Amino acid sequence: MKTIKNTLILAMLILMTTAFSTRTENGYKIGDTIEDFSLKNIDDKMVSLADYKKAKGFIIIFTCNMCPYSVANEDRINALDAKYKSKGFPVIAINPNDPKASKGDGFEDMKVRAKEKGFTFPYLFDEGQKVYPKFGASKTPHVFIVSKKSMKVEYIGAIDNSSKNPDAVTEKYVENAVDALLAGKKIEKTETKAIGCTIKVL
Amino acid sequence: MIQKFISFTLIAAFLFSCKKEIPKETLTKEIAKIATVKSLNYQQLKPLLEKQDDKIYVVNFWATWCAPCVKELPYFEKIGAEYKSKNVEVLLVSLDFPKQVSTKLIPFINKNNIQSEVVLLDDFNEDIWIKAIDATWSGALPATLIYHKNKRKFYEQTFDYETLENELKQFLN
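Since the structure is predicted, the reported quantities are computational estimates derived from the model, not experimental observations.

*Asks:* Could you give an account of the overall build of chain B, with specific residues and numbers?
*Replies:* Counting secondary structure elements, chain B contains 7 helices and 7 strands. In chain B, the order of α-helices and β-strands from amino to carboxyl end is α-α-β-α-β-α-β-α-β-α-β-β-β-α. Considering chain B as a whole, with its 173 residues, one finds that 46% of them fall into the buried category. Sequence-distant contacts in chain B: of pairs separated by 6 or more residues, those separated by 24 or more amount to 69%. Accessible surface, chain B as shown: approximately 9700 Å² in total, 57% of it carbon and sulfur.

So, in structure tokens, the structure goes:
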């Protein structure tokens, strides 16, 4: 009996450690090279970064349907894509939530939301939640700017300095970072933070 | 025997009903409805995160729209009630959107009869204050700070009651 109990406790401990190890600590850091992925877009086609032959880099944004901070940033994400896709830095949005843990974040819901908001960028579904842990994304929205050719992480963080209220923005972190990359300059702020919703897992 | 069985059933029912809902005792108290929540910017919140008195402060960052936050809120309420006599105070820092204070936050507090103090943190430049509150915080909700004078511990995670109580116990004595 005692051994069974001990085994159970041990099993629980192992489960707990593995549960925590998928958290942010192991994700990409500034300067790391990212692995490409292949995820399903809302048009049912698979998307990989390698598909973008002409891109100079990517604005990868983990976002979702249900988080109010994501919703508050949808127009700004559209604006980023409008401004930078033609310059070689398209937005790639990825929904990292498990729809079983976050009602309203299912693949069909993503199609609806993208249509409502007129998303001009791919909105990918992280099926099986395999991609976001590699990045170390911890919340939505969470931005990673990557530059080619070495697929290097250049920036991690927030879109700007006022996630709740677009009218109060005084510093546009992502724009500043991409502008610096385009100009061949050093990015001033490579890591910023903002409030967001935890990524939903079962 | 039957009497024993009945009392057992009653206790079991009581325990079971307590699990998910707000503790029964709060229902018997006079329900004082609140009409406002104090809105603070970071500079105004800061003193509440570094008090030097004898109390142990459990500060939970949450929002009504954050499902895991709402799920763990009863544990913070319970900690606040059970450890009140041991000089523990719970502060709930809401990150609800200011425009939803009257439509979501205040009704939530009243409906659930929240006993801990609730303040609204409304400030831009999150990058500055998130890092100031704790360098390890990514900004995800929920998050919790437990502190006693200069001893501080920050948790970017969800809690169940037992885990929260165990963490708190490290600050007691």
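Here the narrative resumes.
*Asks:* Account for the interface of chain B and chain A, with residues named and values stated.
*Replies:* Of the residues lining the interface, 26 residues belong to chain B; the matching set on chain A comes to 22 residues. Interface area for chain B against chain A, summed over the two sides, is near 2000 Å², with a carbon-plus-sulfur share of 55%. Per-residue buried area on chain B facing chain A is highest for W65, F97 and E126 of chain B; these three make up 28% of the total on that side. For the pair chain B and chain A, the interface holds 1 salt bridge. The shortest N-O distance in the salt bridge between K164 of chain A and D122 of chain B comes to 3.2 Å. The tally of links between chain B and chain A comes to 14 residue pairs in polar contact (both at pLDDT 80 or more). Tallied by class, residues from the side of chain B that touches chain A come to 14 nonpolar, 5 polar and 7 charged.

*Asks:* Kindly report on the environment of K38 of chain B, identifying the contributing residues and their values.
*Replies:* All names here are of chain B. On the secondary structure map, K38 appears in strand β1 (residues 38–40). Residues K38 and E117, spaced 79 residues apart in sequence, show a C-alpha to C-alpha distance of 9.7 Å. Setting aside residues no more than four positions away along its own chain, K38 makes contact with E117, V118, V119 and L120.

*Asks:* Tell me about the pairing of strand β7 (residues 142–147) of chain A, residues and numbers included.
*Replies:* All names here are of chain A. Counted residue by residue, β7 has 6 buried out of 6 residues, so it is predominantly covered. As paired elements, β7 and strand β8 (residues 152–157) share 5 bridges and run antiparallel to each other. Residue pairing for β8: V143 is matched across the bridge by G157. Hairpin connection, β7 to β8: the antiparallel pair is bridged by 4 residues, and M151 has positive phi, about 55 degrees.

*Asks:* Please provide a residue-by-residue account of helix α4 (residues 67–82) of chain B, values included.
*Replies:* Residues and elements named next belong to chain B. Compared with an ideal rise of 1.5 Å per residue, which puts 16 residues at 22 Å, α4 spans 24 Å between its outermost C-alpha atoms and is within 8% of the ideal. The principal kink in α4, of about 35 degrees, is found at L73, preceding the proline P74 by one to four residues. Listed as buried for α4 are P68, C69, E72, L73, P74, F76, E77, I79 and G80.

*Asks:* Give me the packing of aromatic side chains: which residues, what numbers.
*Replies:* Residues and elements named next belong to chain A. Here the structure, examined in full by the defined rule, presents 17 aromatic pairs over all chains. Relative to F135, the ring of Y28 lies with its centre 5.0 Å away and its plane at 80 degrees, an arrangement referred to as edge-to-face. Taken as a pair, Y28 in the loop between α1 (2–21) and β1 (39–41) and F135 in helix α5 (residues 132–135) lie far apart in primary sequence, 107 residues in all. You'll find Y28 and F135 in the same group, each marked buried.

*Asks:* Before we move on, could you go through helix α6 (residues 173–183) of chain A and cite the residues and values that matter?
*Replies:* Because each turn of an α-helix spans 3.6 residues, side chains separated by three or four positions in sequence point in the same direction. Restricting attention to buried positions, one finds in α6 of chain A the residues Y173, V174, E175, A177, V178 and A180 of chain A. Looking at the buried side of α6 of chain A, the elements it contacts are β3 (57–62), α3 (74–84), β7 and β8 of chain A together with α6 (126–133) of chain B.

*Asks:* Could you give an account of the sheet that holds β7 of chain A, with specific residues and numbers?
*Replies:* Sheets are built from strands that pair by backbone hydrogen bonding, the pairs being arranged parallel or antiparallel. Residue and element names in this part refer to chain A. A sheet is described by the order of its strands in space; here 7 strands give the open sequence β2-β1-β5-β4-β3-β7-β8, paired in mixed fashion. Single-partner strands in this sheet number two, and they are β2 (46–47) and β8. Taken together, the 3 bridges between strand β4 (residues 91–95) and strand β5 (residues 123–125) define a ladder with parallel strand orientation. Residue pairing in the sheet places N95 in a bridge with F125 of β5. Running over the sheet, α6 touches β3, β7 and β8 and is turned about 0 degrees from β7.

*Asks:* Summarise the sheet that holds strand β9 (residues 196–198) of chain A; cite the residues concerned and give the values.
*Replies:* Strand order in the open sheet formed by 3 strands is β6(A)-β9(A)-β5(B), with mixed pairing between adjacent strands. Each edge of the open sheet carries a strand with a single partner, namely β6 (139–140) of chain A together with β5 (140–141) of chain B. Alignment of β6 of chain A against β9 of chain A, held across 2 bridges, turns out to be antiparallel. The residue of β9 of chain A that forms the bridge with K139 of chain A is T198 of chain A.

Definitions and cut-offs
All chains use their own residue numbering, which begins from 1 and follows the written sequence. Chains and ligands are labelled sequentially in the order written, the chains with letters from A and the ligands with numbers from 1. The predicted origin of the model limits local features to residues at a pLDDT of at least 70 and limits the giving and counting of side-chain atom pairs to 80 or more, whereas totals for whole chains, interfaces and linings rest on all residues. Calculated side-chain values reflect all of the structure's heavy atoms, with hydrogen atoms and water omitted. Going along the chain from the N terminus, every DSSP run of H or I of four or more residues is numbered as a helix, and every run of E of two or more is numbered as a strand. Each residue gets one of three labels from its accessible area relative to the maximum for its type: buried under 20%, exposed over 50%, partly exposed in between, using a 1.4 Å probe on protein chains only. In this description, contact between two residues means that some pair of their heavy atoms is separated by no more than 4.5 Å. Only the protein chains shown count as cover for residues, with accessible areas throughout obtained via the Shrake-Rupley method and a probe of 1.4 Å. Summed over both partners, the accessible surface that disappears when two parts come together, traced with a 1.4 Å probe, is what is meant by buried area. Salt bridges are defined by distance alone: a side-chain nitrogen of Lys or Arg within 4 Å of a carboxyl oxygen of Asp or Glu. In the analysis that follows, any N or O atom pair within 3.5 Å is treated as a polar contact, provided that within protein one partner can donate a hydrogen and the other can accept it, and provided that, for residues neighboring in sequence, both atoms belong to side chains. Residue polarity follows a fixed list, in which Ala, Val, Leu, Ile, Met, Phe, Trp, Tyr, Cys and Pro are nonpolar, Asp, Glu, Lys and Arg are charged, and the others, Gly among them, are polar. Pairing between strands requires that DSSP locate at least two bridges from one strand to the other. Expected helix span is given by 1.5 Å per residue-to-residue step, counting one fewer step than there are residues. Note on bend: the value at a residue is the angle between axes fitted to the seven residues ending there and to the seven starting there. Stacked, edge-to-face and tilted are the three classes for Phe, Tyr and Trp ring pairs, Trp counted by its six-membered ring, which pair at centre distances within 6.5 Å; planes under 30 degrees apart are stacked, over 60 edge-to-face, the rest tilted. Working convention: axes come from line fits to C-alpha atoms, limited for helices to the stretch in contact. Angles between N-to-C directions cover 0 to 180 degrees.

This is a description of form; function is not addressed.
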